[in-house]
Amino acid sequence: MNAIETAPAASMQLISGNHACALGAIAAGCRFFAGYPITPSSEIAERLSRGLPEVDGVFVQMEDEIASIAAVIGASMGGVKAMTATSGPGFSLKQENLGYAAGAEIPCVIVNVMRGGPSTGMPTRPAQGDIMQARWGSHGDYPIIALAPASVREIYTETIRAFDLSETLRTPVVLLYDQVIAQLTETVELGDAGARGRAAAAERKWASGPRESYRPYAVDEDGIPAMSRPGAGYRVHTTGLNHAEDGFPTQNPEAVARNLGRLLAKFERHRDLIDSWQALACEDAEVVIVSIGISARAAIRAVAMCRARGVRAGLFRPVTLWPFPQAALREATAGARAVLVPELNAGQLSLEVQRILGDRPVDAIHRYNGEPITPAEIAERASSLIDTTGAGSAKAPGVRRAR
Amino acid sequence: MGAFETISFRPENCNGCNDCMIACAQAKAQSDDAARSRIQVLSSDGSYELAMCRQCGDPECVHNCPAAALSKDAESGVIDWDASKCVDCLLCTVGCSYGGMVYDVDAGHVAKCDLCDGDPACVKACPRGALKFLTTARIYNEVGNLEDLFVPGLAGCQGCNTELIIRHAMRRIGPEAVVATPPGCIPGMGTVGYNGLTGTKVPVFHPLLTNTASMLTGVRRYYKRIGRNVKVVALAGDGGTADVGFQSLSGAAERGEEMLFICVDNEGYMNTGMQRSGCTPYGAWTSTTPVGERGRGKTQDAKNLPLLMVMHHCAYVATASTGFMEDLYDKLDRAIEASEHGFAYLHVYSPCTTGWRFPSDQNIEVSRKAVRTNFVLLWEFDPQSGLRLTHAAEDPLPLAEYVMALGKYRHLSEEQIAHIEGTIAQNVKFVKGLAAGVPLAAAPA
């Protein structure tokens, strides 16, 4: 039943989610970190301040959040795998630079450990209120990848995958998890996961061929432009302005539409690489719970509790949150009479689920008081959605606020 | 009863030169004979002890005097001796445990210290700083009865110096104030209040780490526009001042916003787990400047934020320390006054028992050592008078006295200590140069 890998057998370590993130970054080949202290993500920076020098990497503590992501973008332009880590207030400050990285197609990884919000919120309490911000936080139209691990081990493997996707697809990748998973300490075995991650590790596509004909944003079939470091001999111009294939600013409507259109469609032909989810006991499920992070951990137990009382529950857990694995969600919920979305916010994941499922019934548990949702609460609500007398169908459709 | 001024004695600084006794004899008996001094320094097992009147609060000598020749002055606290009433019975000498009543053989009667009307000759004569005239009592007399605007129930660490700074600052600032305190230890310890019963008894708001001075600009500008005169005060840590908060601080200072910005400098992000900041000194351990095989603490020097503020042409800039309370109060007064017509910046050093790794009962001692070793320089600046050192930088204590008291420096190598010594020497030279230079602005006509 417990399909999230939490306790493999050999050479186990007892570490926190944030430490797993730091170790995953190093295993993925990250050699540059710039950050700024913020609860509850500071342990990532603290761990890397020791870990990166040991592998001849660079750790820099910057003067603020904006500087941190800007330094990461600069380092990545120089060719190194680079990362920063923050929490909600810092993630808000980074948004302009995040848009820059997305628009200029600079690979980088941004960890956002979600705490209570809005604003300073509750620094030491969990929340999942940055789901929509991770997708839409910067202005204008741009594509983004966000990954949502739910265990210490998965933070490790998804950190590695974040770098792989970032490098392969030339995009910023947001690693999104909540305070509980971040500071939760679990026994994990990282050896296998690390080896698997390294085997899959992909390098950035670098410019090759004649210098005269190099155009920084020209693409072939895969839609990913080949990159060149400044000073490598190719003419490179990186800008936040809309640009044409030559990398230089333009307001030519055709050129803007062509390059931005290519950027916005960039992920579609790579969905097999990007999409990742866990469908747990969904085959025969009459109620499917859709959840991420600590709420999904509670939902795993809730599925078992439901089934023990005769309610056939399942869990659909998007590991890649953005772009949302919508085909998989449709498939996992195809036979269900009800869908339940427990999440630590006032309604974000449930909006996306409702959008994908159209007029299908979607219920939700929304909580934003700093307390996680318990398995019993989820099981109770999931069971209530199913008329166990067998007489009727699921209750009325539409997202409903619990409290 | 108020507190009184007094003479303090540091035996470790005394070498038994007798200059104090000769000065006293000259001042009080027109004699060069040390035996006629009201102050007696006595050698005892290689150290020195002081025999002189302590101006007791409940004086035995006064009780014992049958002729009412001795009395304690309620204003100055000095025990006065009236020669015209004295019957030379010497009973006063019997009651005194401190050897404070001297018998002047040549004069034929008792003699005692009267603190030279607040300007003691012995203290002025002491060449080694063993004797000091402490006037801190005036602070107690002036502010002791003022309302404490910082109520009990705060969750600061044991021995927190920041709490002390805010408590005293708020007494002087008074209730007509709006305070802003960005994320950090200051709101974290409960300055902003937890339940309506704790916190600060003036309006306190909690801006963002990036923008304290900007939000206060809005408060002050609008209150001024509607004719309401409130003191607008920032209480910010060094991160919220020197790093992420610097842009808004610099902007407000450049515009000459009328506010008082107090930076409580504990040399790092202590509230989030002791990460380094732009104010963390060279060599210091923090959780992001680790000490191990590859790391030996921070590899850069701290930025000198108060000097940066001088170059903003602020109405007033000063550095202060709770180890020197009189100086802190003087500067608070001037800073508050300056904030009525311009930007005032006060940089207060705040040793952190938790983050710097030292016992929680040693905060004031550490604060004093920081100044006495010149690790921290105390000075003040205004555009008319220029920069002025308020604590002499001559004859500092050896640096080791300070750094070896702190766990965060325990790993320092000789080379690192030499680097810090070099930085201090450079800083002293530079600040002295500024102090000797011309003021930024011509004196007002």
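Residues numbered from 1 in each chain as written. Chains lettered and ligands numbered in written order. Predicted model: local features only at pLDDT ≥ 70, side-chain atom pairs only at ≥ 80, totals over all residues. Heavy atoms only, no water.

## Here's the deal with the domain arrangement of chain A
Residues and elements named next belong to chain A.
Step number 1: Entries for chain A in the domain assignment read domain 1 (12-189) and domain 2 (279-384).
Step number 2: The gap between the C-alpha centroids of domain 1 and domain 2 is 26 Å.
Step number 3: Taking both partners together, domain 1 and domain 2 bury about 2,100 Å²; carbon and sulfur atoms supply 58% of that area.
Step number 4: Considering only the side of domain 1, the residues that lose the most area to domain 2 are Gln128, Ile131 and Met132, jointly responsible for 30% of the buried surface there.
Step number 5: Among the ionic pairs, Arg317 bridges to Glu154, the shortest N-O distance being 2.7 Å.
Step number 6: Scanning the region where domain 1 abuts domain 2 turns up 17 residue pairs in polar contact (both at pLDDT 80 or more).
Step number 7: Broken down by element, the side of domain 1 that touches domain 2 gets its largest block of residues, 4 residues, from helix H5 (residues 131-136). (Domains from an automatic or database assignment. Buried area = accessible area lost by both parts, 1.4 Å probe. Salt bridge = Lys/Arg side-chain N within 4 Å of Asp/Glu carboxyl O. Polar contact = N/O pair within 3.5 Å; in protein donor to acceptor, adjacent residues only side chain to side chain. Helix = DSSP H or I, 4+ residues; strand = E, 2+ residues; numbered from the N terminus.)

## Structural notes on the interface of chain A and chain B
Step number 1: Each partner contributes to the interface: chain A provides 19 residues, whereas chain B provides 18 residues.
Step number 2: In total, chain A and chain B occlude about 1,300 Å² of area from one another, counting both sides; carbon and sulfur atoms represent 57% of this.
Step number 3: Considering only the surface of chain A that becomes buried against chain B, Tyr36, Glu46 and Gln61 of chain A emerge as the three largest contributors, covering 35% of it.
Step number 4: Elements that contribute at least two residues to the side of chain A that touches chain B include exactly helix H2 (42-54) and strand S3 (58-61) of chain A.
Step number 5: Split by residue class, the side of chain A that touches chain B holds 7 nonpolar, 6 polar and 6 charged. (Contact = heavy atoms within 4.5 Å. Nonpolar A, V, L, I, M, F, W, Y, C, P; charged D, E, K, R; others polar.)

## Things to note about the pattern of salt bridges
Residue and element names in this part refer to chain A.
Step number 1: Counting across every chain of the model gives 45 salt bridges over all chains.
Step number 2: One salt bridge in this structure joins Glu105 and Lys266, with 3.0 Å as the shortest N-O distance. Note that Glu105 is positioned in the loop between helix H4 (88-104) and strand S5 (108-114) and Lys266 in the loop between helix H9 (253-264) and helix H10 (271-274), a separation of 161 residues in sequence.
Step number 3: Take Glu105: its relative accessible area is 0%, and that puts it in the buried class.
Step number 4: With a relative accessible area of 2%, Lys266 lands in the buried category. (Buried < 20%, exposed > 50% of the residue type's maximum accessible area, 1.4 Å probe, protein only.)

## A word on helix H1 (residues 19-29) of chain B
Residues and elements named next belong to chain B.
Step number 1: Three or more residues of H1 are buried, namely Cys20, Met21, Ala23, Cys24, Ala25 and Ala29.
Step number 2: Those residues of H1 that are buried are in contact with strand S2 (40-44), strand S6 (102-104), helix H4 (121-125) and strand S8 (131-134).
Step number 3: Positioned one or two residues after H1, Gln30 has a phi angle of 45°, which is positive.

## Concerning the domain arrangement of chain B
Step number 1: Assigned domains of chain B: these are domain 1 (6-134) and domain 2 (146-442).
Step number 2: On a C-alpha basis, the centres of domain 1 of chain B and domain 2 of chain B stand 40 Å from each other.

## Regarding the environment of Ile165 of chain B
Step number 1: Relative to the elements of secondary structure, Ile165 of chain B occurs in helix H6 (residues 161-173).
Step number 2: Between the C-alpha atoms of Ile165 of chain B and Met325 of chain B, which are 160 residues apart in sequence, the distance is 9.6 Å.

## Quick word on the environment of Glu203 of chain A
Residues and elements named next belong to chain A.
Step number 1: With respect to the helices and strands, the residue Glu203 is situated in the loop between helix H8 (191-200) and H9.
Step number 2: Glu203 sits in the exposed class, given a relative accessible area of 56%.
Step number 3: Separated by 12 residues in sequence, Glu203 and Gly191 have C-alpha atoms that sit 21 Å apart.
Step number 4: Leaving out residues up to four positions away in the same chain, Glu203 has contacts with Lys81 and Glu167.
Step number 5: Within the structure, the side chain of Glu203 is placed 3.4 Å from the side chain of Lys81, a separation counted as a polar contact.

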